[in-house]
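# Descriptive structure summary
Letter by letter, the chains look like this.
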Amino acid sequence: MQAPVVYITRIETFSACHRLHSLQLDEQENKAVFGKCNNPNGHGHNYKVEVTLKGPVDPVTGMVMNIVDLKVFMQKAIMETLDHRNIDKDVPYFKDKVSTTENLAVFIWNELQKHLPANLLFEVKIHETEKNVVYYRGDFQ
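The name an unreviewed UniProt entry gives the chain is 6-pyruvoyltetrahydropterin synthase, with Magallana gigas as the organism. Entered under Pathway (unreviewed entry) in the UniProt record, the comment concerning the chain runs "Cofactor biosynthesis; tetrahydrobiopterin biosynthesis; tetrahydrobiopterin from 7,8-dihydroneopterin triphosphate: step 1/3." On record in UniProt, under Sequence similarities (unreviewed entry), the comment for the chain is "Belongs to the PTPS family."

In structure tokens form, the structure reads like this:
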């Protein structure tokens, strides 16, 4: 008999600042594209990140993954790297990438993949604000 496949999600929150600014655009273009989010001093968010795993329920433990282990992986991949940081200045990945929430979701996905067992990560969802949400499932085009 096959094990049932279940989705589990853990949520963390972190605070960070950033400036939406592309090195491929001049100052005027950056202001036109990013508006007030291009403020030279940046701006901050209280991000909420939901990490969802998808996998079979282990017949012995009854879990897809021990949620305590997932908490540890999220601490390493997300909290230690991003909480109370300037994303553009403190995270080398964003040296040449615009620190949009879309790119942040990809970054978090990649960092989590370094810690999690293969094929468990299903989705990274980031709430930048109450009204703006981005999710990434490892897709490429």
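### Overview of the packing of helix α2 (residues 67-82) against helix α4 (residues 101-113)
With their axes 9 Å apart at the nearest point, α2 and α4 run at an angle of 135 degrees to one another. Judged on the interaxial angle alone, α4 and α2 are oblique. As for how α2 packs across α4, the hand of that crossing is right-handed. Taking contact as the criterion, the partners of Phe73, Met74, Ala77, Ile78, Thr81 and Leu82 in α2 are, on α4, Leu104, Phe107, Ile108, Glu111 and Leu112.

### What to know about the pairing of strand β4 (residues 121-127)
Among the 7 residues in β4, 5 count as buried, and that is most of the element. Pairing analysis gives 6 bridges linking strand β2 (residues 43-56) to β4, with the strands arranged antiparallel. Across the sheet, the residue bridging to Lys48 is His127, located in β4. As defined by bridge partners, β4 adjoins strand β5 (residues 133-136) across 4 bridges and the pair is classed as antiparallel. Residue Lys125 lies in a different strand from β5, and its bridge partner there is Tyr135. Adjacent in sequence and paired antiparallel, β4 and β5 are bridged by 5 residues.

### Observations regarding α4
Counted at 1.5 Å a residue, the expected span for α4 with its 13 residues is 18 Å, and the 18 Å between its end C-alpha atoms agrees. For α4, the full list of buried residues reads Thr101, Leu104, Ala105, Phe107, Ile108, Trp109, Glu111 and Leu112. Next to the buried residues of α4 lie β1 (5-18), β2, α2, α3 (87-90), β4 and β5.

### Details of the packing of aromatic side chains
Scanning the model with the defined rule gives 6 aromatic pairs in all. Ring plane angle 45 degrees and centroid distance 5.1 Å describe the contact between Tyr93 and Phe107, whose orientation is recorded as tilted. Within this pair, whereas Tyr93 is found in the loop between α3 and α4, its partner Phe107 is found in helix α4, the two being separated by 14 residues in sequence. Overall, the relative accessible area of 25% leaves Tyr93 in the partly exposed class. Classification of Phe107 by relative accessible area gives buried; the value is 4%. Linked through ring pairs, Tyr93, Phe94 and Phe107 together constitute an aromatic cluster. In this structure, Lys97 packs its charged tip against the face of Tyr93, placed 4.5 Å from the ring centre.

Parameters and conventions
- Residues numbered from 1 in each chain as written.
- Predicted model: local features only at pLDDT ≥ 70, side-chain atom pairs only at ≥ 80, totals over all residues.
- Heavy atoms only, no water.
- UniProt positions renumbered as here; feature names shortened; annotations may be inferred.
- Axes fitted to C-alpha atoms, helices over the stretch in contact; angles between N-to-C directions.
- Helix = DSSP H or I, 4+ residues; strand = E, 2+ residues; numbered from the N terminus.
- Parallel < 35°, antiparallel > 145°, perpendicular 65-115°, else oblique.
- Left-handed = near helix turned anticlockwise from the far one by under 90°.
- Contact = heavy atoms within 4.5 Å.
- Buried < 20%, exposed > 50% of the residue type's maximum accessible area, 1.4 Å probe, protein only.
- Pairing = 2+ DSSP bridges.
- Expected span 1.5 Å × (residues − 1).
- Phe/Tyr/Trp six-rings, centres within 6.5 Å; stacked < 30°, edge-to-face > 60°.
- Lys NZ or Arg CZ within 6 Å of the ring centre and 35° of its normal.

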